[in-house]
Amino acid sequence: MSLQIEASYSEPTRSANQVLRLTPRPFDGLHVLDWFVGVEPVATLRRSEDGFGNIVHSCSHAGPLEKIVITAEGLVETQDVAGVARGLNEKQPLDLFLRPHEDAEEIAAFAAKELGGEKDRLSRLHLLMAALHEKLNHAPSDAAPRPVADVFADGEGSAREIAQVLVAAMRAQDIPARFVSGLLLDGAEGAAFHAWAEAYIDDIGWIGFDAALGFCPRDTHLRLAHGVGFFGAAPRRAAISGYAEEKVEKRLTISAARQASWQIQQ
């Protein structure tokens, strides 16, 4: 698999700073055989680990800049583990992922109504995912998510926005939940980047729920990062110096090496 992100500017910018979460972290359902992240024009990439255990690359470019090209490519083996994300380096307490969303009263009421008297936590989570999949139309977009109340009221949103709504609904049920950013390796749904939610269940751990698609993450979901919300797990965040407008184009190339394996072509 090869992901290329090209950011061009309406006029040369004096400088650009970027934070990239484009490197998957191995866990029980993912084995990373080879991975590379590069940028052009060439800059020093500083690799680190953030407070959630995500692998982060940061870099700075001195201007004038008209275009920046980011490449993330490699070879991974994936398994369908029914969405269970076991084996990650967990750094934060569960209480952090119970932080309620603002203006989520209607979402909380919707969750309570849909779940009724269901007691089993895993069953409740599947019901929530199915209910939101039915209510919210998936409209692919790579824009930063709007407030959850706006998405819920509109009745449609991007995968990122629907994931945020699901996180808010889970936390309204007093279930620890977090936002996950990643890629879809089957090339479906019209966008390279994707997102879903993970919830914590005692004796199982973190389990993913993809309300945009209506099922738990499979071997075609490549997990990149997680956080309390989108901005703590965003695949790319950039800041430029100047008044230029940024236009971003993405190209995702995928080749299946064998069943449950995906190769980034180099």
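Residues numbered from 1 in each chain as written. Predicted model: local features only at pLDDT ≥ 70, side-chain atom pairs only at ≥ 80, totals over all residues. Heavy atoms only, no water.

Engineer: I'm lost on the overall build of the protein in this one. Help?
Structural biologist: What the protein contains, in helices and strands, is four helices and 14 strands. Rg of the C-alpha trace for the protein: 19 Å, near the compact-globule value of 18 Å for 266 residues, within the 12% margin. C-alpha atoms of the protein, sized along the principal axes, occupy 60 × 40 × 35 Å. Of all 266 residues assigned to the protein, the portion counted as buried reaches 50%. Contacts spanning at least 24 positions in sequence make up 73% of the contacts within the protein whose residues lie at least 6 apart. Of the accessible surface of the protein, which amounts to about 12,200 Å², a share of 46% is contributed by carbon and sulfur atoms. The centroid of the 26 positive side-chain charges in the protein is displaced by 4 Å from the centroid of its 37 negative side-chain charges. (Helix = DSSP H or I, 4+ residues; strand = E, 2+ residues; numbered from the N terminus. Rg over C-alpha atoms; globule rule 2.2 N^0.38 Å. Buried < 20%, exposed > 50% of the residue type's maximum accessible area, 1.4 Å probe, protein only. Contact = heavy atoms within 4.5 Å. Areas by Shrake-Rupley, 256 points an atom, 1.4 Å probe, with all protein chains shown as cover. Lys, Arg positive; Asp, Glu negative; His and termini not counted. Charge placed at Lys NZ, Arg CZ, Asp CG, Glu CD.)

Engineer: What exactly am I supposed to notice about unusual backbone geometry here?
Structural biologist: Note on backbone geometry: most residues besides glycine have negative phi, and most peptide bonds are trans. In the segment running from E40 into P41, the intervening peptide bond is cis, with an omega of 0 degrees. With an omega of 0 degrees, the peptide bond between G63 and P64 qualifies as cis. Inspection of the secondary structure puts P64 in strand β4 (residues 55-78). A positive phi is found at A82, a non-glycine position, where the angle reads about 60 degrees. The residue A82 is located in the loop between β4 and α1 (105-115) in this model. Phi is positive for D103, which is not a glycine, with a value near 55 degrees.

Engineer: Sorry if this is basic, but what is going on with the pairing of strand β7 (residues 177-184) here?
Structural biologist: Counted residue by residue, β7 has eight buried out of eight residues, so it is predominantly covered. Alignment of β7 against strand β10 (residues 221-227), held across six bridges, turns out to be antiparallel. Across the sheet, L183 pairs through a bridge with L222, a residue of β10. (Pairing = 2+ DSSP bridges.)

Engineer: How should I be thinking about the packing of aromatic side chains in this particular structure?
Structural biologist: Two measures describe an aromatic ring pair: the distance that separates the ring centres and the angle between the ring planes. As enumerated under the stated definition, the model contains six aromatic pairs in all. Between the aromatic rings of F110 and F152, the centroid separation amounts to 5.4 Å while the plane-to-plane angle is 70 degrees, which identifies the pairing as edge-to-face. With F110 in helix α1 and F152 in helix α3 (residues 148-154), this pair connects stretches of sequence that are 42 residues apart. The interplanar angle of 70 degrees and the centroid separation of 5.0 Å between the aromatic rings of F230 and F231 together place this pair among those described as edge-to-face. On the basis of relative accessible area, F231 is assigned to the partly exposed category, the value being 45%. Chaining the aromatic ring pairs together yields one cluster made of F52, F97, Y200 and W206. The ring of F152 carries K135 above its face, with NZ or CZ at 4.7 Å from the centroid. (Phe/Tyr/Trp six-rings, centres within 6.5 Å; stacked < 30°, edge-to-face > 60°. Lys NZ or Arg CZ within 6 Å of the ring centre and 35° of its normal.)

Engineer: Whenever I open this one, helix α2 (residues 121-135) confuses me. Can you help?
Structural biologist: For the α-helix, the turn length of 3.6 residues means that residues three or four positions removed from each other point alike. Compared with the 21 Å implied by 1.5 Å per residue over 15 residues, the 21 Å span of α2 between its first and last C-alpha is a close match. The complete set of buried residues in α2 reads R124, L125, L128, M129, A131 and L132. Looking down the long axis of α2, one finds its buried residues gathered within 165 degrees of arc, a one-sided arrangement. Between the side-chain oxygen at the start of α2 and the backbone nitrogen of L122 there is a gap of 3.4 Å, and the oxygen is on D120. (Expected span 1.5 Å × (residues − 1). Arc of directions from axis to C-beta. Polar contact = N/O pair within 3.5 Å; in protein donor to acceptor, adjacent residues only side chain to side chain.)

Engineer: Just checking my understanding: could you explain the pairing of strand β3 (residues 46-49) for this structure?
Structural biologist: Taken residue by residue, a regular strand's side chains alternate between the two faces of the sheet. The sheet contact formed by β3 and β4 spans four bridges and is antiparallel. In the sheet register, S48 faces β4, and the bridge partner there is V56. The turn joining β3 and β4, which pair antiparallel and follow one another in sequence, is formed by five residues; a positive phi near 90 degrees is taken by G53.

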